[in-house]
Amino acid sequence: MKKRIALLGSTGSIGTQTLDVIRQFPDKFEVEVLTAYNNIDLLIQQAIEFVPNTIVIGNELKYKELTDALSGLPVKIFAGSDAISQVVEMDSIDIVLTAMVGFSGLLPTLNAIKAKKTIALANKETLVVAGELIKKSVLENNVKILPVDSEHSAIFQCLAGEGYNEIEKIILTASGGPFRGKNVDFLKQVTLEQALKHPNWDMGAKITIDSATLMNKGFEAIEAKWLFDLKPEQIDIVVHPQSIIHSLVQFADGSLKAQMGLPDMKLPILYALAYPERLKTNFPRFSFIDYPELHFEKPDLKNFKNLALAYFAMDKAGNMPCILNAANEAAVYAFLCKKIGFLDITDIIMQAMHKVNHIKHPGLDELIQTDNETRMYCETLINRIII
Ligand code: MG
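Below, the structure is looked at part by part. (Residues numbered from 1 in each chain as written. Predicted model: local features only at pLDDT ≥ 70, side-chain atom pairs only at ≥ 80, totals over all residues. Heavy atoms only, no water.)

## Details of the overall build of the protein
Counting its regular elements, the protein contains 16 helices and eleven strands. At 20 Å, the protein has a C-alpha radius of gyration in line with the 21 Å of a compact globule built from 387 residues. Dimensions along the principal axes, computed over C-alpha positions, put the protein at roughly 60 × 50 × 40 Å. In the structure as shown, the protein presents an accessible area of about 17400 Å², 53% of it carried by carbon and sulfur atoms. Across the protein, the centroid of the 39 positively charged side chains sits 1 Å from that of the 46 negatively charged ones. (Helix = DSSP H or I, 4+ residues; strand = E, 2+ residues; numbered from the N terminus. Rg over C-alpha atoms; globule rule 2.2 N^0.38 Å. Areas by Shrake-Rupley, 256 points an atom, 1.4 Å probe, with all protein chains shown as cover. Lys, Arg positive; Asp, Glu negative; His and termini not counted. Charge placed at Lys NZ, Arg CZ, Asp CG, Glu CD.)

Next comes the structure, spelled out in structure tokens:
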């Protein structure tokens, strides 16, 4: 039996790499649903190649162009964010891989969990924003969340066969991004082009900036808290510039397990899709001889304050991580549009975390409200800065 996949965010970096994986295993996986927000040209190509049951374009203005281009193809076509949230409920879907960016992943993921689908989670912001709600829904509906994020896939792989053995702590590795070792004076001046050059991973623009500010690692700490049921003090971060060790678990007896490999997202994607199987691949293999030295250092919280902000938000809990995420999304998009400088991202997040009201146990409506309110407040801050 082939696993039938709904791929949300098929035209992004994880989306296209997921299709690369599926293309290599046509007898194992089948594309049932593709969704994209804006990139209609690529979505058309993908629909023609994979002929899924259904495709959805988030941007409703592109619906007609899409239906015209695919007329004659036996594919159902829908448009709009609500359609993306609803399509995951289709009976014929086995796995929903969530690869959209940011807060937009929340509602489709919640719906997919309620529809009892296995989730391959690439959209970490969903757990950052609404970890408590998601976890509750996962337990109620008895579904699996399989991590696609490389660090969390590493931990998940280290936990295979460990049953109920207690985790003492986990260690998330971080590449340190393109500005590792730089100070605030340097960071003040960095350009968008410099920030978009990640040393090891080829990723979408938003997560590449999050990696440069270290916010990505902060999000990953929060993601790990919910995925593996950990306390904040059980989550350590170590900078490992070569990105060969993808993360580690330390057990109660002091033993450490690490998962290693070349930095290639296709591996964690394949592990999630094929789980619990490991499929044979011809992906390039890692060799110690090519990497005679692997380095490790402390993360620099003084110059990269976003990581400290994320830990603060994780401790404070409630809607604070939602505020953190909304402010980060607003600020990163403003930086991508060259409206603000690199360090303004941190300032905006800090101010939003001060300003927006803290709610201890927010429901879904309160999270949506927090997200809106935070973005609106950040817009006023951004308009004051615009460079
Ligand atoms: Mg990661």
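Here the narrative resumes.
## Regarding helix 14 (residues 320-336)
A rise of 1.5 Å per residue sets the reference length of helix 14, with its 17 residues, at 24 Å; its end C-alpha atoms lie 24 Å apart and thus fit the reference within 8%. Burial runs high along helix 14: 15 of the 17 residues are buried. Once helix 14 ends, the next one or two residues include Lys-338, with phi positive near 60°. (Expected span 1.5 Å × (residues − 1). Buried < 20%, exposed > 50% of the residue type's maximum accessible area, 1.4 Å probe, protein only.)

## Here's the deal with the packing of aromatic side chains
Tallied over the full model, the rule gives nine aromatic pairs. A centroid spacing of 4.9 Å and a plane angle of 75° characterise the contact between Phe-286 and Phe-288, whose relative ring orientation is edge-to-face. In this structure Phe-286 comes out as partly exposed when scored by relative accessible area, which is 22%. Taking the centre distance of 5.7 Å and the plane angle of 70° together, the rings of Phe-335 and Phe-342 count as edge-to-face. Looking at Phe-335, the relative accessible area reads 3%, which means it is buried. You can call Phe-342 buried: its relative accessible area is 3%. Among the aromatic residues, ring-to-ring pairing joins Phe-179, Phe-186, Phe-335 and Phe-342 into one connected group. Between the NZ or CZ atom of Lys-182 and the centre of the ring of Phe-186, over which it lies, the distance is 4.8 Å. (Phe/Tyr/Trp six-rings, centres within 6.5 Å; stacked < 30°, edge-to-face > 60°. Lys NZ or Arg CZ within 6 Å of the ring centre and 35° of its normal.)

## Describing unusual backbone geometry
Between Tyr-275 and the following residue, Pro-276, the backbone shows a cis peptide bond with an omega angle of 5°. Looking at the secondary structure, you find Pro-276 in the loop between helix 12 (266-274) and helix 13 (305-316). With a phi close to 55°, Ala-317 is a non-glycine residue in the positive phi region. Counting through the fold element by element, Ala-317 comes out in the loop between helix 13 and helix 14. Looking at Ala-317, the relative accessible area reads 25%, which means it is partly exposed. A positive phi is found at Lys-338, a non-glycine position, where the angle reads about 60°. Mapped onto the elements of the fold, Lys-338 is located in the loop between helix 14 and helix 15 (342-355).

## Some details on the coordination of the magnesium ion
Here the magnesium ion is held by the protein donor atoms Asp-149 (OD), Glu-151 (OE) and Glu-220 (OE), which lie 2.0 to 2.1 Å from it. Residue classification places Glu-151 among the buried positions, given a relative accessible area of 7%. (Donors = N, O, S within 2.8 Å, 3.2 Å for Na, K, Ca; no water.)

## Side note on helix 2 (residues 40-50)
For helix 2, the full list of buried residues reads Ile-40, Leu-43, Ile-44, Gln-46, Ala-47 and Phe-50. For helix 2, the angular spread of buried residues about the axis comes to 165°, placing them on one side. In this structure, helix 2 carries Asp-41 and Gln-45 as exposed residues pointing more than 90 degrees from its buried face. The inward-facing, buried residues of helix 2 abut helix 1 (13-24), strand 2 (29-36), strand 3 (54-57) and helix 3 (63-69). In the stretch just after helix 2, Val-51 is the one whose phi turns positive, near 40°. (Arc of directions from axis to C-beta. Contact = heavy atoms within 4.5 Å.)

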